[in-house]
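These are the residues of each chain, in order.
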Amino acid sequence: MSVLLASDLDQTLIYSERSARADTADLVCVEHYQGNPQSFMSAAAVAALTAADLVPVTTRTVEQLRRVRLPVRGGGFAIAANGGVILQGGVPDESWTAQVAGRLAAVSPLAEVLAWVRAACAPEWTSSVRAAEGMFCYAVVDLALLPAAFEAEAAEWASARGWNVSRQGRKIYWVPNPLTKGAAVREIARRLGSDQIMAAGDSLLDKDLLEIADRGIQPRHGGLFDSGWRADHVVVTGGVGVAAGHEIAEWFAAAV
Ligand SMILES: [Mg+2]
């Protein structure tokens with residue numbers, strides 16, 4: 001039987017200093033940004049995943065994903081842009097991106113959403129608004145100053161246009177409904193002839209990934225856990241932060 005292992009990265013397998021809930025001096029740095037250590041894993045998690053055939057599945061752009069040095073076997077598949085880009089051996093698959101573009105044509109275009117986001121996100125509490133891979137966008141906000149009703153208003157506006165809104169820490173994401181991690185993972189499973197999918201994720205954008213998986217694991221932290229979402233085929237880690245990342249790495253390793 002061939003099993004496809006698919007995992008979200010941030011706050012699932014890899015952790016920023018703020019989200020690790022552990023002393024980063026004891027951790028392995030897996031990403032540098034502008035010369036500074038940015039993301040970490042425990043040494044035990046690194047050991048568990050070494051040589052694993054794991055597909056990283058992230059909302060990061062391709063450029064942001066390339067900064068991450070995972071201990072997994074190289075040369076395989078990876079998914080960026082929340083499912084919008086499939087990389088094989090680091091090279092984006094044009095045919096997949098074309099398929100995704102076809103699906104995105106059914107909902108409001110990024111330009112319309114971006115215009116609304118730029119107008120709605122006041123400079124007093126927004127440090128930047130970014131488009132990602134021409135498919136979705138996000139705003140980095142100051143949580144202390146973010147108006148209480150903003151996320152609900154944004155979600156209502158987006159939902160009428162076939163988009164969804166979710167927040168992870170200081171980032172608010174506007175993502176078209178057809179752009180999902182699950183669809184890209186299914187495509188890779190089809191190409192590899194995998195008959196089972198095992199998946200891990202922590203955020204609302206990982207929900208569909210866990211839903212299409214045969215078995216899943218979610219950390220005891222993050223937007224998805226906090227939303228109360230649970231499923232019979234998805235276990236919850238005992239620990240939080242980088243300790244949850246370790247449990248998830250071991251869960252994948254045990255499947256191999
Ligand atoms: Mg995540």
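Everything quoted here is computed from the prediction, not taken from an experiment.

Here is what the cut-offs are and how they apply
Residues numbered from 1 in each chain as written. Predicted model: local features only at pLDDT ≥ 70, side-chain atom pairs only at ≥ 80, totals over all residues. Heavy atoms only, no water. Domains from an automatic or database assignment. Contact = heavy atoms within 4.5 Å. Buried area = accessible area lost by both parts, 1.4 Å probe. Salt bridge = Lys/Arg side-chain N within 4 Å of Asp/Glu carboxyl O. Polar contact = N/O pair within 3.5 Å; in protein donor to acceptor, adjacent residues only side chain to side chain. Helix = DSSP H or I, 4+ residues; strand = E, 2+ residues; numbered from the N terminus. Nonpolar A, V, L, I, M, F, W, Y, C, P; charged D, E, K, R; others polar.

## What about the domain arrangement of the protein chain?
Stage number 1. For the protein chain, the assigned domains read domain 1 (3-102 + 179-253) and domain 2 (107-176).
Stage number 2. Residue-level contacts link 16 residues of domain 1 with 12 residues of domain 2.
Stage number 3. For the pair domain 1 and domain 2, the summed buried surface comes to about 1,100 Å²; carbon and sulfur atoms form 67% of the total.
Stage number 4. Together, Thr-59, Leu-179 and Leu-205 form the three largest contributors to the area buried by domain 1 at its contact with domain 2, with a combined 41%.
Stage number 5. Counting the contacts that link domain 1 with domain 2 gives zero salt bridges.
Stage number 6. Taken together, domain 1 and domain 2 are joined by four residue pairs in polar contact (both at pLDDT 80 or more).
Stage number 7. The biggest single contributor to the side of domain 1 that touches domain 2 is helix H3 (residues 62-66), with three residues.
Stage number 8. A class-by-class count of the residues in the side of domain 1 that touches domain 2 yields seven nonpolar, seven polar and two charged.

## Focus: the environment of Pro-71
Stage number 1. As for its placement among the helices and strands, Pro-71 is situated in the loop between H3 and strand E5 (77-80).
Stage number 2. C-alpha separation for the pair Pro-71 and Ala-47, spaced 24 residues apart in sequence, amounts to 7.9 Å.
Stage number 3. Non-local contacts of Pro-71, meaning those with residues more than four positions away in its chain, are made with Met-41, Val-46, Leu-49, Thr-50 and Ala-51.

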